Amino acid sequence: MGNPWIAIGALALVGLLIPVGMMAISKLLRPSVPEQGKRSTYESGEIPTGDTRIRFNIQYYMVALLFLIFDIETVLIFPWTVIYRSALENGVGLTRILGPMLVFIGILVVGLGWAWRNGAVKWVRSPRAEKRKDAR
Amino acid sequence: MTLSDTIAGLLGLNANDPLQFFLAAIIASAIVGTFMLVNVAIAGPWAKRKITAAFTDRIAVNRIGPFGLMVIVADAVRLLSKELIVPEEVDRPAWDLAPLVIAGSALFGFAVIPMGNGIQVADPEAGLAYVFAVASLASLGLVMAGYASNNKYSMLGGLRAVAQNLAYEIPLVLTGVSVVIFAGTLQMSEIVAAQTGTLATIAGIPIPSWYAFVNPFAFVLFLVANLAEVGRNPFDTPEAPTEIVAGYQTEYSSVYFVLMYLGEFIHIFLGGAIIATIFLGGPAGPVLPGIVWFLIKIWAVFLFTQWARSALPRVRIDQLIEIGWKGMLVLSFANLILTAIIVGVVV
């Protein structure tokens, strides 16, 4: 049995060579007719206005912060699920193996509830959209 | 025995020597990679059109070759020979790398998928963790594409892709992990082996103990989260053709467009392969060889995504955040704890 991560590395190389190969084939086949007009970005056929890289309200900033916490938490749950069954079969009590995880998930769920109540878990409307809604 | 080991044995290479094993693994990877590309080639230009046409009562491609199958070759040549238009002021390295990340990362996942008849490139102990990790790499490519294109539609598409992944990544992983509580391992071959027993016998037909039957609740949750992960209706907000043109892929043409499209389809098949492995017993099934059952299962998941695409309306992006965080996340926590309690009581 060889080291599986070497095999995964081999597949990663193949997985990159396939798209690179397709790019190379296309490079040989495709024409190149550079013109100024067709290089402008698509904006429903109009002449593009302004730059795209501006300061921009993404409207889910708090959700993204919450995601970081919950993402780390899933990583911490992984090893627990792996040992759970074998620990039970080896005679470890249910309260000892399940209890701490219930407390851990409980804290997270309480945190989620708190964030939910404070309006962090939602798509934040911009002040302008909010004003338009009030006017209606 | 993985495919890499088998090939090393056939060629008389020493599997313990890193370089010789790498060579054998390259051949194994080429076989698996080509196999998946053939699937995608059938699915993308042909099957998708035929399925959508059947749902909307049309005929679709039928001119070139039997059942219009030769459209695959025609489309490949047509798309690869298109001119590559590089829009003004794109962020060059990122714009070129994004299609590579999207198409490549989806292929990486197939390294650990057991496809039956000993076809599996590698079988590491952390297989399930690895496959979840590489499957979510694609969203990095989407953000790169969205930001680098210098197009407002692309930018919105990229940002929506992030919002969607934030909302669905955790329910997806938590539900996937609930299977590990039953199996007690992250190794893909072991998870498949744990599903070989018989759950019950109904009218003389044995029902296998696939985790889809053992825990149907988790299976449904995972199917829904997977639809969001691969960005198909009702969760196709990042592309949303009627709102933001084509989202992150608006500015891509020629081979770059092919790679984005290809990556999307490989991703759907990777989602199908994960579902097949952890919920549907992998390549298990009666009479037919394992690889055929594996194909039937991943194509069934593909058909399901296409059905959802034709039948369900798109949810709004703010609704999507609410469904993900206030519905799916809570349900997936409930599923995890319930699974743990059931296993604790039964064992």
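It should be emphasised that the depicted structure is a prediction, and the values quoted were computed from it without experimental measurement. (Residues numbered from 1 in each chain as written. Chains lettered and ligands numbered in written order. Predicted model: local features only at pLDDT ≥ 70, side-chain atom pairs only at ≥ 80, totals over all residues.)

Observations regarding the overall build of chain B
No. 1: Within chain B, the regular secondary structure consists of 14 helices and two strands.
No. 2: In terms of C-alpha radius of gyration, chain B reaches 21 Å, essentially the compact-globule figure of 20 Å for 347 residues.
No. 3: Referenced to the eigenvectors of the C-alpha coordinate spread, the extents of chain B come out at roughly 60 × 55 × 40 Å.
No. 4: For chain B, long-range pairs separated by at least 24 residues make up 74% of all intrachain contacts whose partners lie at least 6 apart in sequence. (Helix = DSSP H or I, 4+ residues; strand = E, 2+ residues; numbered from the N terminus. Rg over C-alpha atoms; globule rule 2.2 N^0.38 Å. Contact = placed C-beta atoms within 7 Å.)

Examining unusual backbone geometry
Residue and element names in this part refer to chain B.
No. 1: One non-glycine residue, Ala60, lies in positive phi territory at about 65°.
No. 2: Mapping Ala60 onto the fold places it in the loop between helix H2 (18-55) and helix H3 (71-80).
No. 3: Here Ala60 falls in the partly exposed class, since 16 other C-beta atoms lie within 10 Å of it.
No. 4: At Phe67, a residue that is not glycine, the phi angle is positive and equals roughly 55°.
No. 5: Along the chain, Phe67 turns up in the loop between H2 and H3. (Buried ≥ 20, exposed ≤ 12 C-beta atoms within 10 Å, placed from the backbone.)

Thoughts on the domain arrangement of chain B
Residues and elements named next belong to chain B.
No. 1: Here chain B is partitioned into domain 1 (1-81) and domain 2 (84-346).
No. 2: The centre of domain 1, based on its C-alpha atoms, is set 19 Å off from the matching centre of domain 2.
No. 3: The partner domain 2 presents 21 residues to the 22 residues of domain 1 that form the contact.
No. 4: Broken down by element, the residue count for the side of domain 1 that touches domain 2 peaks at 14 residues, all from H2.
No. 5: Among the residues forming the side of domain 1 that touches domain 2, the class breakdown is twelve nonpolar, nine polar and one charged. (Domains from an automatic or database assignment. Nonpolar A, V, L, I, M, F, W, Y, C, P; charged D, E, K, R; others polar.)

Notes on the interface of chain A and chain B
No. 1: Between chain A and chain B, the residue contacts involve 59 residues of the former and 72 residues of the latter.
No. 2: Where the side of chain A that touches chain B is concerned, the elements lending two or more residues are helix H1 (4-29), helix H2 (61-89) and helix H3 (94-117) of chain A.
No. 3: Counting residues per element, the side of chain A that touches chain B draws most heavily on H1(A), which supplies 19 residues.
No. 4: When grouped by side-chain class, the residues that make up the side of chain A that touches chain B number 40 nonpolar, eleven polar and eight charged.

Digging into the nonpolar core
Residue and element names in this part refer to chain B.
No. 1: Membership of the largest hydrophobic core comes to 144 residues, with the highest contact counts inside it found for Ile266 and Phe269.
No. 2: Among the elements that line this core, the one with the most residues is helix H7 (residues 152-183), at 20 residues.
No. 3: Every residue in contact with Phe269, bar those within four places of it in the chain, is listed here: Met36, Asn39, Val40, Ile298 and Phe302. (Core = buried A, V, L, I, M, F, W, Y, C linked by C-beta atoms within 7 Å.)

Topic: the packing of H7(B) against helix H14 (residues 317-346) of chain B
Residue and element names in this part refer to chain B.
No. 1: The N-to-C vectors of H7 and H14 enclose an angle of 10°; their axes lie 9 Å apart at closest approach. Here H14 runs roughly parallel to H7, going by the angle between their axes.
No. 2: Broken down by class, the residue content of the contact of H7 with H14 amounts to 19 nonpolar, seven polar and one charged. (Axes fitted to C-alpha atoms, helices over the stretch in contact; angles between N-to-C directions. Parallel < 35°, antiparallel > 145°, perpendicular 65-115°, else oblique.)

Section: the environment of B:Gly204
All names here are of chain B.
No. 1: Mapped onto the secondary structure, Gly204 falls in the loop between strand S1 (198-202) and strand S2 (205-208).
No. 2: According to the C-beta neighbour criterion, Gly204 is exposed, with 5 such atoms within 10 Å.
No. 3: A C-alpha to C-alpha distance of 32 Å links Gly204 and Leu336, two positions 132 residues apart in sequence.

Things to note about the UniProt feature "transmembrane region" (unreviewed entry) in chain A
Residue and element names in this part refer to chain A.
No. 1: Residues given the UniProt feature "transmembrane region" (unreviewed entry) here are residues 6-29, 60-82 and 94-116.
No. 2: Helix makes up 96% of residues 60-82 and strand makes up 0%, while its end C-alpha atoms are separated by 33 Å.
No. 3: Annotated as residues 94-116, this span is 100% helix and 0% strand, and its ends, taken at the C-alpha atoms, are 31 Å apart. (UniProt positions renumbered as here; feature names shortened; annotations may be inferred.)

Observations concerning the environment of B:Gly272
All names here are of chain B.
No. 1: Here Gly272 is to be found in helix H12 (residues 254-279).
No. 2: Once the C-alpha coordinates of Gly272 and Val301 are considered, the two residues, 29 residues apart in sequence, prove to be 5.3 Å apart.
No. 3: If we ignore the near neighbours within four places in the chain, the residues touching Gly272 are Lys297, Ile298, Val301 and Phe302.

Description of H2(B)
No. 1: Most pronounced at B:Ala47, the bend in H2(B) amounts to some 45°.
No. 2: A positive phi of about 60° marks B:Asp57, the residue just after H2(B). (Bend = angle between axes of the 7 residues up to and from the residue.)

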